[in-house]
Amino acid sequence: MSSLAGKTGLIVGVANKRSISWGIAQAAAAAGARLALTYPSERLEENVRELGATLDNPLILPCDVASDQQIDALASSIDAECGGVDFVLHGAAFAPKDELNNAFVQTSREGFRIALDISAYSLIGLTRAMVPLMKKRGGGSVLTLTYLGSQRVFTNYNVMGVAKAALEASVRYLASDLGPDNIRVNAISAGPIKTLAAMGIKDFSSIRDVYKERTPLRRNVELDDVAEAAMFLLGPSGRGVTGEVLMVDAGFHVMGGA
Ligand SMILES: NC(=O)c1ccc[n+]([C@@H]2O[C@H](COP(=O)([O-])OP(=O)(O)OC[C@H]3O[C@@H](n4cnc5c(N)ncnc54)[C@H](O)[C@@H]3O)[C@@H](O)[C@H]2O)c1
């Protein structure tokens, strides 16, 4: 039997076919899960509906993670249709363009607020809304996506690095709160992958060039590398793992200088 057969999953963060969330959605669907996909705005609705149409019996629902009302409405719709949820993938992140182009010291109060709200707080809000649905299934698995820029300085990553540090700390606090309900909370820290969000980072392709030379595996990671690691954390094989940030970066993080 496939590892996610009979399971229901919520996938937040599909923008197009390059999205890491879409890679994970495809792997989860192949492992037997029924999925709810979300779109944050009308602009992206058609993309998400087109991709969703390739899945078996998907739910396609609106959710701007900046809105508590939309998060609550999402939870109600999934509960009404599926009577609970087994896993949640949080793949939403955003920072205003100026914050990724200017020097970090120029970070504005509003840019900081938006980046931290969409990219870090939303994990807390989304998870809280989904707790009752996961409890109905006897527990669940929540997964988010982060980057090494939380710990080290990468040129132009700027306030997103601060947001990812907050996100990773939130993973640990949520794991502690929700473990007694058999709800696990983890993150995958992915190496750089060419996606819409990544292309918003100035000179992003040069980061990929550096990784190719410096990682122990001498390559970059691709969508399927992250998607298969996600299957471990979302499914039964990861049942003993929570509060973890799993590095899926071809080993880049272990390297020192020279
Ligand atoms: N691509 C990389 O190199 C890389 C590396 C490590 C981590 N990540 C992380 O992976 C996650 C997914 O990013 P991606 O690279 O697949 O790019 P992406 O652009 O495909 O995905 C980002 C998603 O965030 C969504 N989003 C933005 N604002 C939102 C809002 N208000 N409400 C709901 N959704 C919103 C977008 O619609 C989009 O679907 C992000 O957290 C990103 O930081 C990416």
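Residues numbered from 1 in each chain as written. Predicted model: local features only at pLDDT ≥ 70, side-chain atom pairs only at ≥ 80, totals over all residues. Heavy atoms only, no water.

Visitor: Mind showing me how you'd approach the overall build of the protein chain here?
Guide: The helix and strand tally for the protein chain stands at 9 helices and 7 strands. Scaling as 2.2 N^0.38, a compact globule of 258 residues should have a C-alpha radius of gyration of about 18 Å, and the protein chain matches this with 17 Å. In terms of overall dimensions, the protein chain has a C-alpha envelope of 50 × 40 × 35 Å along the principal axes. Residue burial in the protein chain is summarised as follows: out of 258 residues, 52% are buried. Within the protein chain, contacts between residues at least 6 apart in sequence are counted, and of these 74% link residues at least 24 apart. A total of about 12000 Å² of accessible surface is found on the protein chain, and carbon and sulfur atoms cover 52% of it. Side chains of the protein chain carry 25 positive and 27 negative charges; the gap between the two charge centres is 4 Å. (Helix = DSSP H or I, 4+ residues; strand = E, 2+ residues; numbered from the N terminus. Rg over C-alpha atoms; globule rule 2.2 N^0.38 Å. Buried < 20%, exposed > 50% of the residue type's maximum accessible area, 1.4 Å probe, protein only. Contact = heavy atoms within 4.5 Å. Areas by Shrake-Rupley, 256 points an atom, 1.4 Å probe, with all protein chains shown as cover. Lys, Arg positive; Asp, Glu negative; His and termini not counted. Charge placed at Lys NZ, Arg CZ, Asp CG, Glu CD.)

Visitor: I'm lost on helix α3 (residues 68-82) in this one. Help?
Guide: Each α-helix turn comprises 3.6 residues. Residues three or four places apart therefore point the same way. Along its 15 residues, α3 runs 21 Å from first to last C-alpha, staying within 8% of the 21 Å computed at 1.5 Å per residue. Where the residues of α3 are buried, they touch β1 (8-12), β2 (34-39), β3 (59-62) and α5 (109-135). Trailing α3 by a residue or two, Gly83 shows a phi angle of about 65°, which is positive. (Expected span 1.5 Å × (residues − 1).)

Visitor: Would you mind showing me how to read the pairing of β3 here?
Guide: Side chains on a regular strand alternate between the two faces of the sheet. In terms of strand pairing, β2 meets β3 through 4 bridges, oriented parallel. Its bridge partner lying in β3, Ala36 is registered against Leu59. Crossover connection from β2 via helix α2 (residues 42-52) to parallel β3: handedness right-handed. (Pairing = 2+ DSSP bridges. Right-handed = clockwise from strand over helix to strand, strands pointing away.)

Visitor: What is the right way to read the sheet that holds β3 from this model?
Guide: One key point about sheets: their strands pair by backbone hydrogen bonds, in either a parallel or an antiparallel sense. On the basis of which strands lie adjacent, the open sheet formed by 7 strands has the order β3-β2-β1-β4-β5-β6-β7 and parallel pairing. Only two strands of the sheet have a single partner each, and these edge strands are β3 and β7 (245-248). When the angles between neighbouring strand axes are averaged without regard to direction, this sheet yields 20°. Its contacts with the sheet place helix α1 (residues 20-30) against β1, β2, β4 (87-90) and β5 (140-146), and it is angled at close to 165° to β2. The strands that α5 touches are β1, β4, β5 and β6 (183-190); relative to β4, the one it contacts most, it runs at about 170°. (Axes fitted to C-alpha atoms, helices over the stretch in contact; angles between N-to-C directions.)

Visitor: Help me understand the packing of aromatic side chains, please; the structure alone is not making it clear to me.
Guide: The relation between two aromatic rings is expressed through the spacing of the ring centres and the mutual angle of the planes. The full count for this structure, using the stated rule, is 4 aromatic pairs. Considering the side-chain rings of Tyr147 and Tyr157, the 5.0 Å spacing of their centres and the 70° angle between planes classify their relative orientation as edge-to-face. Linking Tyr147 in the loop between β5 and α6 (159-178) with Tyr157 in the loop between β5 and α6, this pair joins segments that are 10 residues apart in sequence. Residue Tyr147 is classed as buried on the basis of its relative accessible area of 9%. Between Tyr211 and Phe252, the ring centres sit 3.9 Å apart and the planes meet at 15°, which makes this aromatic pair stacked. Residue Tyr211 is located in helix α8 (residues 204-214), and its partner Phe252 is located in the segment after β7; the two are separated by 41 residues in the primary sequence. For the pair Tyr211 and Phe252, a shared accessibility class is recorded, and that class is buried. Chaining the aromatic ring pairs together yields one cluster made of Tyr147, Phe154, Tyr157, Tyr211 and Phe252. (Phe/Tyr/Trp six-rings, centres within 6.5 Å; stacked < 30°, edge-to-face > 60°.)

Visitor: Teacher, can you tell me more about the environment of Ala103 here?
Guide: Mapping Ala103 onto the fold places it in the loop between α4 (97-101) and α5. Overall, the relative accessible area of 46% leaves Ala103 in the partly exposed class. Put simply, Ala103 and Val159 are 56 residues apart on the chain and 9.9 Å apart in space, counted from C-alpha to C-alpha.

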